[in-house]
Amino acid sequence: MKTIKWIVDKHVNEQMDYPHISQAAEFLNNNEVVAFPSETVYGLGANAGSTEAVAKIFEAKGRPSDNPLIVHIGDRAQLPALVKQINEKAEKLIEAFWPGPLTIIFEKKEGVFSDKVTAGLNTVGIRLPDHPVAMALIKEANLPIAAPSANRSGRPSPTTAKHVLDDLDGKIAGIVDGGATGVGVESTVIDCTAETPVILRPGGVSKEEIESIIGPVEIDAALLNGEGAPKSPGMKYTHYAPDAPLYLMEGSPGKIQSLVDDKRKEGLKVGILATEESKGNYSADVVIPCGSRKDLPTVAQSLYDVLRAFNEADLDMIVSEVFPRDGIGTAIMNRLEKAAGHRWL
Ligand code: TXA
Ligand code: MG
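Described in the following lines is the structure provided in the data block.

Rules of the game
- Residues numbered from 1 in each chain as written.
- Chains lettered and ligands numbered in written order.
- Predicted model: local features only at pLDDT ≥ 70, side-chain atom pairs only at ≥ 80, totals over all residues.
- Heavy atoms only, no water.
- Salt bridge = Lys/Arg side-chain N within 4 Å of Asp/Glu carboxyl O.
- Helix = DSSP H or I, 4+ residues; strand = E, 2+ residues; numbered from the N terminus.
- Buried < 20%, exposed > 50% of the residue type's maximum accessible area, 1.4 Å probe, protein only.
- Pairing = 2+ DSSP bridges.
- Axes fitted to C-alpha atoms, helices over the stretch in contact; angles between N-to-C directions.
- Contact = heavy atoms within 4.5 Å.
- Core = buried A, V, L, I, M, F, W, Y, C linked by side-chain atoms within 4.5 Å.

**Digging into the pattern of salt bridges**
This model, assessed by the stated rule, comprises 17 salt bridges. The partner of Asp285 in a salt bridge is Arg264, with the nearest N and O atoms 3.1 Å apart. Taken together, the positions of Asp285 in the loop between strand 13 (270–274) and strand 14 (286–289) and Arg264 in helix 9 (residues 253–265) put the pair 21 residues apart, joining distant regions of the chain. Among the residues examined, Arg264 registers a relative accessible area of 31% and is labelled partly exposed. Where Glu321 meets Arg293, a salt bridge forms, and the shortest distance between an N and an O atom there is 2.8 Å.

If you want it as structure tokens, here you go:
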């Protein structure tokens, strides 16, 4: 299959006539899959009501079928037709964070979604992305759009159109290229069907921000202690891993450098995931800065690009600095721990 590339201006707005967006929307209406940018990462979209369309997502990604997809809407007005009820806490979260990187789990209405979207669950995760291209495309298609991150399963999520094409060129009908995404890590997933809402995946909206709006929430215990099955099926899979094994290491650049020196003396080729502040302190086969420690959102923005960049060098191991676990740091550390398979030095 030849993948069509539509290059669009990130600042597309509804008043403009965008033939590229209309064409991409037509593909979605014809049950083809199309990748598009959101404010978090690129998504791989398909008509959420069509099993034929949704099957193409699982096929292209090589995604396990028990892992449900997030449904994206282009406008809040689309929501009531999709879910059984919107309780008070969900209402407040929508008011505060939509459009934005927050996926809310609701009880689904029957007969709206292909069973493949929800992987047989009676709930559905919905979000309204804060990206003009995503919103314009979804509104134009006038459908709820199921969209996981547009990477091959297990690989880091894509934050540029190039990342998507590296994984999926020739496997999808098209991609709308709207430039690099902003947040860089995926949306926070929160289950609002329980009395006390539960965060199933940390992401672009922090626990602290959520609690400032609706009071105390829980974090899925499986994410904290790694025990038991996570409530979000996707969280149990290996994900984000670069080709060479990644290890996390606490401590000063000096301490990290001396370990790296030892490994290189053994003949290993070593990469270091550093920051703008620390990169000058290291010598290794590859040193890649991942944003600034003083500004954690920049670390989130660069993370997946950096994890992919290590694959360009033929390394035996990668050692990564670690980050404080508050605000967006919770999501950064969650992704790094997954990428490292929870290996620490
Ligand atoms: O930022 C994002 O959320 C991106 C962009 C494209 O919107 N999408 C994304 O989708 O990250 P995906 O499929 O890669 O991750 C969806 C996560 C998975 O961990 C999945 O298991 C979980 O959400 N999920 C989806 N529906 C669920 C449900 N009904 N109950 C529990 N977890 C659910
Ligand atoms: Mg994903």
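**Remarks on the sheet that holds strand 12 (residues 246–248)**
Strand order in the open sheet formed by 4 strands is 12-15-13-14, and the pairing between neighbours is parallel. One side of each edge strand has no neighbouring strand; the edge strands of this open sheet are strand 12 and strand 14. If you compare each strand with its neighbour and ignore which way they point, the axes differ by 20° on average. Examined bridge by bridge, strand 12 and strand 15 (residues 317–320) share 3 bridges and lie parallel to one another. Bridge pairing in strand 15 places Leu246 opposite Ile318. Together, strand 13 and strand 15 form the strand contacts of helix 9, whose direction differs from that of strand 13 by roughly 165°.

**A closer look at the nonpolar core**
Residues Trp98, Ile104, Ile126 and Ile210 are the most contacted members of the largest nonpolar core, which totals 45 residues. Elements represented by at least two residues in this core include exactly strand 3 (43–47), helix 2 (51–61), helix 3 (88–97), strand 5 (102–107), strand 6 (123–127), helix 6 (161–168) and helix 7 (207–214). The next biggest cluster of nonpolar side chains, apart from the first, holds 28 residues, and it includes Leu273, Leu296, Leu307 and Ala339.

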